[in-house]
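Structure assessment
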Amino acid sequence: MKCFRILVLPGDGIGPEIMREATKILLAAGKRHCVEFDIVEAAVGGASIDEHGVPLTDEVLRMALDSDAVLLGAVGGPKWESLDYGVRPERALLRLRKELGLFANLRPAKVYSPLVDSSTLKREVVEGVDLIVVRELTGGLYFGTPRGVERLPDGTERGVNTLVYTTPEIERIARVAFDVARKRNKRLTSVDKANVLETTELWRKVVTDVSQYYPDVELSHMYVDNCAMQLVRDPAQFDVIVTENTFGDILSDEAAMLTGSIGMLPSASLGRDSRAMYEPIHGSAPDIAGRDVANPIATILSVAMMLKYSFDMQGASAEIEKAVEVVLEKGYRTPDIYTKGTRRIGCSEMGNIILDELEAVAI
Ligand code: NAD
(Lines give C-alpha, C1' and ligand atoms only; values in the text may rest on other atoms or scores of the structure.)
Protein backbone atom coordinates (compact mmCIF):
# COMPACT_ATOMS: atom_id res chain seq x y z
CA MET A 1 0.00 0.00 0.00
CA LYS A 2 1.34 3.43 -0.93
CA CYS A 3 1.89 5.79 1.97
CA PHE A 4 2.28 9.57 1.80
CA ARG A 5 3.19 11.88 4.65
CA ILE A 6 1.07 15.03 4.84
CA LEU A 7 1.93 17.95 7.08
CA VAL A 8 -1.30 19.61 8.20
CA LEU A 9 -1.02 23.19 9.43
CA PRO A 10 -4.48 24.37 10.56
CA GLY A 11 -3.29 27.84 11.62
CA ASP A 12 -5.59 30.45 13.11
CA GLY A 13 -9.20 31.63 13.15
CA ILE A 14 -11.38 29.26 11.15
CA GLY A 15 -8.24 27.26 10.18
CA PRO A 16 -8.77 24.42 12.70
CA GLU A 17 -12.51 24.09 11.88
CA ILE A 18 -12.12 23.86 8.10
CA MET A 19 -9.06 21.62 8.45
CA ARG A 20 -10.97 19.11 10.56
CA GLU A 21 -13.43 18.60 7.71
CA ALA A 22 -10.73 18.54 5.01
CA THR A 23 -8.65 15.86 6.76
CA LYS A 24 -11.73 13.65 7.12
CA ILE A 25 -12.16 13.83 3.35
CA LEU A 26 -8.45 13.17 2.73
CA LEU A 27 -8.45 10.04 4.88
CA ALA A 28 -11.67 8.76 3.31
CA ALA A 29 -10.31 9.33 -0.22
CA GLY A 30 -7.14 7.44 0.73
CA LYS A 31 -9.11 4.53 2.13
CA ARG A 32 -11.24 4.29 -1.02
CA HIS A 33 -8.13 4.10 -3.19
CA CYS A 34 -5.91 1.99 -0.91
CA VAL A 35 -3.48 4.82 -0.19
CA GLU A 36 -2.41 5.62 3.33
CA PHE A 37 -2.05 9.24 4.35
CA ASP A 38 0.13 9.67 7.39
CA ILE A 39 -1.08 13.00 8.77
CA VAL A 40 1.21 14.99 11.03
CA GLU A 41 -0.22 18.19 12.52
CA ALA A 42 1.69 21.24 13.73
CA ALA A 43 1.15 24.87 14.74
CA VAL A 44 1.75 27.73 12.32
CA GLY A 45 1.08 31.48 12.32
CA GLY A 46 -0.47 32.99 15.43
CA ALA A 47 -0.92 29.55 17.02
CA SER A 48 2.84 29.02 16.73
CA ILE A 49 3.60 32.51 18.06
CA ASP A 50 1.50 31.72 21.14
CA GLU A 51 3.23 28.39 21.66
CA HIS A 52 6.81 29.08 20.56
CA GLY A 53 7.17 32.84 20.08
CA VAL A 54 7.72 32.56 16.31
CA PRO A 55 5.24 32.05 13.42
CA LEU A 56 7.14 29.03 12.06
CA THR A 57 9.64 26.99 14.04
CA ASP A 58 12.67 25.37 12.39
CA GLU A 59 11.26 22.01 13.41
CA VAL A 60 7.97 22.58 11.59
CA LEU A 61 9.88 23.82 8.56
CA ARG A 62 11.91 20.60 8.60
CA MET A 63 8.67 18.61 8.84
CA ALA A 64 7.38 20.51 5.79
CA LEU A 65 10.57 19.69 3.86
CA ASP A 66 10.28 16.03 4.86
CA SER A 67 6.62 15.62 3.92
CA ASP A 68 5.11 14.70 0.55
CA ALA A 69 2.73 17.68 0.68
CA VAL A 70 1.65 20.44 3.04
CA LEU A 71 -2.01 21.33 3.67
CA LEU A 72 -2.48 24.75 5.25
CA GLY A 73 -5.62 26.38 6.68
CA ALA A 74 -5.05 30.11 7.18
CA VAL A 75 -3.00 32.35 9.44
CA GLY A 76 -3.42 35.71 11.12
CA GLY A 77 -5.90 37.65 13.17
CA PRO A 78 -6.35 40.78 15.30
CA LYS A 79 -4.54 39.22 18.27
CA TRP A 80 -1.20 39.40 16.44
CA GLU A 81 -1.71 42.57 14.39
CA SER A 82 0.29 44.82 16.71
CA LEU A 83 3.41 42.63 16.41
CA ASP A 84 6.45 43.63 14.40
CA TYR A 85 6.21 42.70 10.68
CA GLY A 86 9.16 40.33 11.10
CA VAL A 87 7.27 38.08 13.56
CA ARG A 88 3.70 38.39 12.25
CA PRO A 89 1.78 35.16 11.46
CA GLU A 90 1.97 35.87 7.69
CA ARG A 91 5.79 35.56 7.81
CA ALA A 92 5.27 31.82 8.18
CA LEU A 93 3.74 31.65 4.70
CA LEU A 94 6.57 33.62 3.12
CA ARG A 95 9.17 31.39 4.74
CA LEU A 96 7.38 28.20 3.75
CA ARG A 97 7.05 29.43 0.15
CA LYS A 98 10.72 30.37 0.01
CA GLU A 99 12.14 27.26 1.67
CA LEU A 100 9.94 24.87 -0.32
CA GLY A 101 10.88 26.75 -3.50
CA LEU A 102 7.22 27.18 -4.45
CA PHE A 103 7.46 28.87 -7.86
CA ALA A 104 4.10 27.94 -9.39
CA ASN A 105 0.80 29.08 -7.94
CA LEU A 106 -2.31 27.35 -9.30
CA ARG A 107 -5.62 29.08 -8.74
CA PRO A 108 -8.70 27.43 -10.24
CA ALA A 109 -11.91 29.35 -10.72
CA LYS A 110 -14.84 27.08 -11.27
CA VAL A 111 -18.44 28.21 -11.29
CA TYR A 112 -20.64 25.47 -9.86
CA SER A 113 -24.00 25.62 -11.60
CA PRO A 114 -26.05 25.70 -8.35
CA LEU A 115 -24.06 28.82 -7.34
CA VAL A 116 -24.13 30.57 -10.68
CA ASP A 117 -26.19 33.44 -9.27
CA SER A 118 -23.58 34.21 -6.56
CA SER A 119 -21.42 35.87 -9.22
CA THR A 120 -21.66 39.60 -9.79
CA LEU A 121 -21.60 38.85 -13.53
CA LYS A 122 -24.58 37.70 -15.56
CA ARG A 123 -25.51 34.02 -15.45
CA GLU A 124 -24.94 33.59 -19.21
CA VAL A 125 -21.38 34.97 -18.90
CA VAL A 126 -20.19 32.77 -16.02
CA GLU A 127 -22.12 29.59 -16.67
CA GLY A 128 -19.70 26.75 -17.39
CA VAL A 129 -16.58 28.65 -16.32
CA ASP A 130 -13.88 26.19 -15.26
CA LEU A 131 -10.42 27.68 -15.63
CA ILE A 132 -7.13 27.74 -13.79
CA VAL A 133 -4.52 30.47 -13.57
CA VAL A 134 -0.91 29.32 -13.27
CA ARG A 135 1.06 32.22 -11.83
CA GLU A 136 4.86 32.39 -11.60
CA LEU A 137 5.49 33.10 -7.94
CA THR A 138 9.16 33.74 -7.27
CA GLY A 139 10.39 35.99 -10.07
CA GLY A 140 9.46 39.05 -12.10
CA LEU A 141 8.73 42.54 -10.90
CA TYR A 142 8.20 41.58 -7.25
CA PHE A 143 11.74 40.27 -6.81
CA GLY A 144 13.80 41.83 -9.61
CA THR A 145 16.71 44.14 -8.90
CA PRO A 146 17.62 46.98 -9.03
CA ARG A 147 14.70 48.19 -6.98
CA GLY A 148 14.00 51.06 -4.60
CA VAL A 149 13.38 54.78 -4.42
CA GLU A 150 16.25 57.27 -4.64
CA ARG A 151 16.42 61.02 -4.14
CA LEU A 152 17.71 62.95 -7.13
CA PRO A 153 19.94 66.06 -7.01
CA ASP A 154 16.99 68.26 -8.03
CA GLY A 155 15.07 67.12 -4.93
CA THR A 156 12.62 64.86 -6.77
CA GLU A 157 12.54 61.10 -6.25
CA ARG A 158 12.92 58.19 -8.65
CA GLY A 159 11.35 54.76 -8.06
CA VAL A 160 12.62 51.63 -9.81
CA ASN A 161 11.43 48.04 -10.05
CA THR A 162 12.78 45.52 -12.50
CA LEU A 163 10.84 42.95 -14.50
CA VAL A 164 13.36 40.16 -14.92
CA TYR A 165 13.04 36.52 -16.03
CA THR A 166 15.63 34.03 -17.21
CA THR A 167 15.06 31.22 -19.70
CA PRO A 168 15.14 28.45 -17.02
CA GLU A 169 12.61 30.32 -14.88
CA ILE A 170 10.20 30.63 -17.81
CA GLU A 171 10.80 27.05 -18.92
CA ARG A 172 9.95 25.53 -15.54
CA ILE A 173 6.68 27.47 -15.09
CA ALA A 174 5.74 26.72 -18.71
CA ARG A 175 6.27 23.00 -18.08
CA VAL A 176 4.04 23.12 -15.00
CA ALA A 177 1.34 24.89 -17.02
CA PHE A 178 1.56 22.42 -19.91
CA ASP A 179 1.39 19.51 -17.43
CA VAL A 180 -1.68 21.06 -15.79
CA ALA A 181 -3.31 21.56 -19.21
CA ARG A 182 -2.60 17.92 -20.01
CA LYS A 183 -4.60 16.87 -16.95
CA ARG A 184 -7.50 19.10 -18.05
CA ASN A 185 -8.86 20.15 -21.44
CA LYS A 186 -5.44 20.55 -23.11
CA ARG A 187 -5.71 24.24 -23.93
CA LEU A 188 -3.13 26.72 -22.66
CA THR A 189 -3.19 30.52 -23.00
CA SER A 190 0.11 32.23 -22.25
CA VAL A 191 -0.40 35.84 -21.19
CA ASP A 192 2.23 38.52 -21.77
CA LYS A 193 2.76 42.06 -22.99
CA ALA A 194 5.21 41.10 -25.72
CA ASN A 195 4.32 44.14 -27.84
CA VAL A 196 5.80 46.48 -25.20
CA LEU A 197 7.97 44.55 -22.71
CA GLU A 198 11.11 42.76 -23.92
CA THR A 199 11.08 40.41 -20.92
CA THR A 200 7.69 39.11 -21.92
CA GLU A 201 8.81 38.85 -25.54
CA LEU A 202 11.36 36.36 -24.18
CA TRP A 203 8.52 34.78 -22.16
CA ARG A 204 6.51 34.22 -25.36
CA LYS A 205 9.51 32.75 -27.19
CA VAL A 206 10.42 30.33 -24.39
CA VAL A 207 6.80 29.17 -23.84
CA THR A 208 6.56 28.54 -27.59
CA ASP A 209 9.83 26.56 -27.47
CA VAL A 210 8.54 24.41 -24.59
CA SER A 211 5.30 23.72 -26.51
CA GLN A 212 7.17 21.37 -28.87
CA TYR A 213 7.30 18.85 -26.00
CA TYR A 214 3.53 19.03 -25.59
CA PRO A 215 2.09 18.49 -29.09
CA ASP A 216 -1.19 17.37 -27.51
CA VAL A 217 -1.74 20.77 -25.84
CA GLU A 218 -3.06 23.66 -27.90
CA LEU A 219 -1.06 26.82 -27.09
CA SER A 220 -2.26 30.38 -27.73
CA HIS A 221 -0.85 33.76 -26.67
CA MET A 222 -2.79 36.77 -25.40
CA TYR A 223 -1.79 40.25 -24.28
CA VAL A 224 -2.54 40.90 -20.63
CA ASP A 225 -4.89 43.83 -21.27
CA ASN A 226 -6.95 41.71 -23.65
CA CYS A 227 -6.93 38.84 -21.13
CA ALA A 228 -8.28 41.11 -18.38
CA MET A 229 -11.08 42.08 -20.75
CA GLN A 230 -11.79 38.53 -21.96
CA LEU A 231 -12.06 37.28 -18.37
CA VAL A 232 -15.16 39.38 -17.83
CA ARG A 233 -16.45 39.23 -21.43
CA ASP A 234 -16.23 35.50 -22.14
CA PRO A 235 -14.40 33.64 -19.34
CA ALA A 236 -15.66 30.22 -20.47
CA GLN A 237 -13.19 30.37 -23.40
CA PHE A 238 -10.25 29.65 -21.04
CA ASP A 239 -8.90 26.33 -19.80
CA VAL A 240 -5.41 27.07 -18.40
CA ILE A 241 -3.79 30.52 -18.28
CA VAL A 242 -0.05 30.86 -17.56
CA THR A 243 1.54 34.18 -16.77
CA GLU A 244 4.28 36.02 -14.88
CA ASN A 245 4.06 37.07 -11.25
CA THR A 246 2.44 40.52 -11.38
CA PHE A 247 0.01 39.78 -14.20
CA GLY A 248 -0.89 36.53 -12.41
CA ASP A 249 -1.50 38.30 -9.11
CA ILE A 250 -4.07 40.55 -10.73
CA LEU A 251 -5.66 38.09 -13.17
CA SER A 252 -6.05 35.32 -10.57
CA ASP A 253 -8.03 37.64 -8.29
CA GLU A 254 -10.15 38.77 -11.20
CA ALA A 255 -10.78 35.15 -12.19
CA ALA A 256 -11.58 34.15 -8.59
CA MET A 257 -14.30 36.75 -8.37
CA LEU A 258 -16.11 35.29 -11.38
CA THR A 259 -17.34 32.65 -8.94
CA GLY A 260 -18.48 35.17 -6.34
CA SER A 261 -17.66 33.08 -3.27
CA ILE A 262 -14.33 33.20 -1.46
CA GLY A 263 -15.15 30.16 0.69
CA MET A 264 -15.15 27.92 -2.39
CA LEU A 265 -11.72 28.61 -3.88
CA PRO A 266 -8.72 26.30 -3.41
CA SER A 267 -5.11 26.80 -4.47
CA ALA A 268 -1.90 24.89 -4.94
CA SER A 269 1.69 26.07 -4.92
CA LEU A 270 4.17 23.72 -6.55
CA GLY A 271 7.91 23.85 -6.11
CA ARG A 272 11.29 22.21 -6.52
CA ASP A 273 11.66 18.44 -6.13
CA SER A 274 7.89 17.78 -6.17
CA ARG A 275 7.37 19.94 -3.09
CA ALA A 276 3.88 21.39 -2.79
CA MET A 277 1.58 23.30 -0.50
CA TYR A 278 -2.20 23.42 -0.77
CA GLU A 279 -4.44 26.02 0.86
CA PRO A 280 -7.76 27.82 0.47
CA ILE A 281 -7.34 31.33 -0.96
CA HIS A 282 -9.30 32.94 1.87
CA GLY A 283 -7.84 34.10 5.18
CA SER A 284 -8.52 33.10 8.77
CA ALA A 285 -11.90 34.92 8.91
CA PRO A 286 -11.62 35.91 12.60
CA ASP A 287 -15.09 37.46 12.39
CA ILE A 288 -16.71 34.01 12.18
CA ALA A 289 -14.08 31.80 13.88
CA GLY A 290 -15.22 29.23 16.44
CA ARG A 291 -18.90 29.42 15.47
CA ASP A 292 -19.07 26.41 13.15
CA VAL A 293 -20.31 28.56 10.26
CA ALA A 294 -17.20 28.68 8.03
CA ASN A 295 -17.36 27.12 4.59
CA PRO A 296 -14.91 24.17 4.48
CA ILE A 297 -15.27 23.62 0.71
CA ALA A 298 -12.21 25.66 -0.36
CA THR A 299 -10.03 23.49 1.90
CA ILE A 300 -11.75 20.28 0.80
CA LEU A 301 -11.15 21.26 -2.83
CA SER A 302 -7.51 21.98 -1.90
CA VAL A 303 -7.32 18.31 -0.85
CA ALA A 304 -8.73 17.38 -4.27
CA MET A 305 -5.95 19.44 -5.89
CA MET A 306 -3.36 17.70 -3.72
CA LEU A 307 -4.53 14.28 -4.87
CA LYS A 308 -4.40 15.39 -8.50
CA TYR A 309 -1.12 17.31 -8.59
CA SER A 310 1.03 15.65 -5.92
CA PHE A 311 -0.14 12.04 -6.07
CA ASP A 312 -1.54 11.66 -9.58
CA MET A 313 -4.82 10.38 -8.11
CA GLN A 314 -7.07 11.94 -10.76
CA GLY A 315 -9.98 9.63 -10.02
CA ALA A 316 -9.98 10.33 -6.28
CA SER A 317 -9.70 14.05 -6.96
CA ALA A 318 -12.64 14.00 -9.38
CA GLU A 319 -14.74 12.07 -6.84
CA ILE A 320 -14.26 14.80 -4.23
CA GLU A 321 -15.19 17.50 -6.74
CA LYS A 322 -18.24 15.49 -7.75
CA ALA A 323 -19.30 15.01 -4.11
CA VAL A 324 -19.07 18.79 -3.55
CA GLU A 325 -21.12 19.43 -6.66
CA VAL A 326 -23.83 16.95 -5.67
CA VAL A 327 -24.09 18.43 -2.16
CA LEU A 328 -24.55 21.89 -3.68
CA GLU A 329 -27.09 20.55 -6.14
CA LYS A 330 -29.03 19.08 -3.22
CA GLY A 331 -29.26 22.60 -1.81
CA TYR A 332 -26.94 22.46 1.21
CA ARG A 333 -25.23 25.80 1.93
CA THR A 334 -23.00 27.32 4.58
CA PRO A 335 -24.12 30.89 5.42
CA ASP A 336 -21.62 32.56 3.04
CA ILE A 337 -23.28 30.92 0.00
CA TYR A 338 -26.81 30.71 1.39
CA THR A 339 -29.69 31.95 -0.74
CA LYS A 340 -33.40 31.79 -0.07
CA GLY A 341 -34.86 28.35 -0.69
CA THR A 342 -31.63 26.47 0.09
CA ARG A 343 -30.73 24.67 3.32
CA ARG A 344 -28.42 26.48 5.71
CA ILE A 345 -25.93 24.24 7.53
CA GLY A 346 -22.70 24.67 9.51
CA CYS A 347 -19.07 23.81 8.82
CA SER A 348 -18.98 20.36 10.40
CA GLU A 349 -22.32 19.34 8.89
CA MET A 350 -21.10 20.43 5.44
CA GLY A 351 -17.98 18.27 5.95
CA ASN A 352 -20.07 15.29 7.02
CA ILE A 353 -22.53 15.57 4.14
CA ILE A 354 -19.68 15.79 1.60
CA LEU A 355 -18.10 12.76 3.26
CA ASP A 356 -21.37 10.79 2.98
CA GLU A 357 -21.69 11.80 -0.65
CA LEU A 358 -18.08 10.80 -1.35
CA GLU A 359 -18.68 7.40 0.16
CA ALA A 360 -21.80 7.00 -1.97
CA VAL A 361 -19.98 7.76 -5.26
CA ALA A 362 -19.19 4.51 -7.10
CA ILE A 363 -15.50 3.93 -7.77
P1 NAD B 1 -10.58 36.69 5.05
O2 NAD B 1 -10.44 35.93 3.78
O3 NAD B 1 -10.15 36.00 6.28
O4 NAD B 1 -12.08 37.15 5.24
C5 NAD B 1 -12.78 38.01 4.32
C6 NAD B 1 -14.29 37.79 4.48
O7 NAD B 1 -14.66 36.53 3.92
C8 NAD B 1 -14.75 37.76 5.95
O9 NAD B 1 -16.02 38.34 6.05
C10 NAD B 1 -14.84 36.26 6.26
O11 NAD B 1 -15.79 35.95 7.26
C12 NAD B 1 -15.24 35.69 4.91
N13 NAD B 1 -14.69 34.33 4.72
C14 NAD B 1 -13.41 34.00 4.47
N15 NAD B 1 -13.29 32.68 4.39
C16 NAD B 1 -14.50 32.16 4.61
C17 NAD B 1 -15.01 30.82 4.68
N18 NAD B 1 -14.24 29.75 4.48
N19 NAD B 1 -16.32 30.66 4.92
C20 NAD B 1 -17.14 31.71 5.12
N21 NAD B 1 -16.72 33.00 5.07
C22 NAD B 1 -15.42 33.21 4.82
O23 NAD B 1 -9.75 38.04 4.84
P24 NAD B 1 -9.46 39.22 5.89
O25 NAD B 1 -10.65 39.44 6.77
O26 NAD B 1 -8.94 40.32 5.08
O27 NAD B 1 -8.26 38.68 6.79
C28 NAD B 1 -8.41 38.05 8.06
C29 NAD B 1 -7.06 37.55 8.51
O30 NAD B 1 -6.62 36.52 7.61
C31 NAD B 1 -5.97 38.61 8.50
O32 NAD B 1 -5.15 38.43 9.64
C33 NAD B 1 -5.20 38.34 7.23
O34 NAD B 1 -3.85 38.76 7.32
C35 NAD B 1 -5.29 36.85 7.16
N36 NAD B 1 -5.14 36.27 5.80
C37 NAD B 1 -4.49 35.10 5.72
C38 NAD B 1 -4.36 34.47 4.49
C39 NAD B 1 -3.66 33.14 4.46
O40 NAD B 1 -3.46 32.53 5.49
N41 NAD B 1 -3.30 32.64 3.29
C42 NAD B 1 -4.91 35.04 3.35
C43 NAD B 1 -5.62 36.24 3.47
C44 NAD B 1 -5.73 36.85 4.70
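All figures in this text were calculated on a predicted structure; none of them were measured in a lab. (Residues numbered from 1 in each chain as written. Predicted model: local features only at pLDDT ≥ 70, side-chain atom pairs only at ≥ 80, totals over all residues. Heavy atoms only, no water.)

1. A few points about unusual backbone geometry
Just so we agree on the cut-off: Helix numbering and strand numbering both begin at the N terminus, where a helix is a DSSP run of H or I of at least 4 residues and a strand a DSSP run of E of at least 2.
Backbone torsion omega between Thr145 and Pro146 reads 0°, so that peptide bond is classified as cis. By the element assignment, Pro146 lies in the loop between strand E5 (130-136) and strand E6 (148-151). Of note, the phi angle at Cys34 is positive, near 55°, even though the residue is not glycine. In this structure, Cys34 sits in the loop between helix H1 (15-32) and strand E2 (35-41). The phi torsion at Lys186 lies on the positive side, around 65°, for a residue other than glycine.

2. What to know about the site of the ligand
Condition: In this text, near means that some heavy atom of the residue lies within 4 Å of the molecule or strand in question. Polar contacts, as used here, are pairs of N or O atoms within 3.5 Å; protein pairs need one atom able to donate a hydrogen and one able to accept it. Residues neighboring in sequence count only if both atoms are side-chain atoms. Surface accessibility in these figures is a Shrake-Rupley result with a 1.4 Å probe; residues are shielded only by whichever protein chains are displayed. Charged means Asp, Glu, Lys or Arg here, nonpolar means Ala, Val, Leu, Ile, Met, Phe, Trp, Tyr, Cys or Pro, and polar covers whatever is left, Gly included.
Not every one of the 20 residues close to the ligand is listed here, only the nearest: Glu90, Gly283, Ala285, Asp287 and Asn295. The backbone of Gly283 places a nitrogen or oxygen atom 2.7 Å from an oxygen atom of the ligand. In the environment of the ligand, an oxygen atom lies 2.8 Å from a nitrogen or oxygen atom belonging to the backbone of Ala285. Contact with the protein chains removes 68% of the 810 Å² of surface that the ligand exposes when unbound. Partitioning the shell around the ligand into residue classes produces nine nonpolar, seven polar and four charged.

3. With respect to the pairing of strand E10 (residues 240-243)
Definition in use: Only protein chains enter the calculation, and the probe is 1.4 Å; a residue is then buried if its accessible area is under 20% of its type maximum, exposed if over 50%, and partly exposed in between. The pairing criterion for strands is at least two bridges between them, as found by DSSP.
Alternating residues of E10 divide into Val240 and Val242 and Ile241 and Thr243, and every residue in both groups is buried. One ladder, built from four bridges, connects E5 with E10; its direction is parallel. Note on E10: the bridge partner recorded for Ile132 is Val240. When strand E8 (residues 187-192) meets E10, the two strands line up parallel, connected through four bridges. Paired with Thr189 across the strands is Ile241, a residue of E10.

4. Observations concerning the packing of aromatic side chains
For any pair of aromatic rings, the description consists of the separation of the ring centres together with the inter-plane angle of the planes. Quick reminder of the rule: Only rings of Phe, Tyr and Trp enter the pairing, Trp through its six-membered ring, and a pair is recorded when the two centres are within 6.5 Å. The plane angle decides the type: under 30 degrees is stacked, over 60 is edge-to-face, the rest tilted.
A complete count under the given rule lists five aromatic pairs for this structure. Ring centres of Tyr165 and Trp203 lie 5.5 Å apart, and the angle between their planes is 70°; on these two criteria the pair is classed as edge-to-face. Separated by 38 residues along the polypeptide, Tyr165 in the loop between strand E7 (157-160) and helix H6 (167-182) and Trp203 in helix H7 (residues 198-211) bring together distant segments of the chain. Exposure class is identical for Tyr165 and Trp203. Each is buried.

5. Considering the pairing of strand E1 (residues 2-11)
Basically, it comes down to this: By definition, the crossover connecting two strands over a helix is right-handed if that path, from the first strand to the second, turns clockwise as seen with the strands pointing away from the viewer.
Counting buried positions over the 10 residues of E1 gives seven, a clear majority of the element. Summarising the sheet, E1 and E2 pair through seven bridges and their orientation is parallel. Bridge pairing in E2 links Phe4 to Phe37. Crossover connection from E1 via H1 to parallel E2: handedness right-handed. Bridge count for E1 against strand E3 (residues 69-74) is five bridges, and the pairing is parallel. For Leu7, the partnering residue across the bridge sits in E3 and is Val70.

6. Focus on the nonpolar core
Rule in force here: Among the buried residues, those of types Ala, Val, Leu, Ile, Met, Phe, Trp, Tyr and Cys that are joined through side-chain atoms within 4.5 Å form a nonpolar core. Whether two residues touch is decided by their heavy atoms; if any such pair falls within 4.5 Å, the residues are in contact.
Counting residues in hydrophobic clusters, the biggest one holds 69 residues, and the most contacted among them are Ile6, Leu106 and Tyr278. With residues up to four places along the chain from it excluded, the contact list for Leu106 reads Ile132, Val133, Val134, Val176, Val180, Ser267, Ala268, Leu270, Met305 and Tyr309. Val133, Val191, Cys227 and Ala255 belong to the second largest nonpolar core, which has 18 residues in total.

7. Here's the deal with the domain arrangement of the protein
Quick reminder of the rule: Domain boundaries shown here were taken from an automatic or database domain assignment. What gets called buried area is simply the loss in accessible area from a 1.4 Å probe that two parts show on being joined, summed for both. Only one rule defines a salt bridge in this text: a Lys or Arg side-chain nitrogen within 4 Å of an Asp or Glu carboxyl oxygen.
Looking at the protein, the domain boundaries give domain 1 (1-107 + 262-363) and domain 2 (130-257). Each partner contributes residues to the interface: domain 1 has 16 residues there, and domain 2 has 17 residues. Here domain 1 and domain 2 share an interface that buries about 1400 Å² over both sides, 61% of which is from carbon and sulfur atoms. Among the residues domain 1 hides against domain 2, the three largest losses belong to Phe103, Asn105 and Arg107. Together they make up 50% of the total. Taken together, the connections running from domain 1 to domain 2 amount to two salt bridges. Across the pair Asp312 and Lys183 runs a salt bridge, and its minimum N-O distance is 3.5 Å. At the junction of domain 1 with domain 2, the criterion picks out seven residue pairs in polar contact (both at pLDDT 80 or more). Those elements giving two or more residues to the side of domain 1 that touches domain 2 turn out to be strand E4 (102-110), strand E11 (266-271) and helix H10 (297-309). With six residues, E4 is the single largest residue contributor to the side of domain 1 that touches domain 2. Among the residues making up the side of domain 1 that touches domain 2, the classes are represented as nine nonpolar, three polar and four charged.

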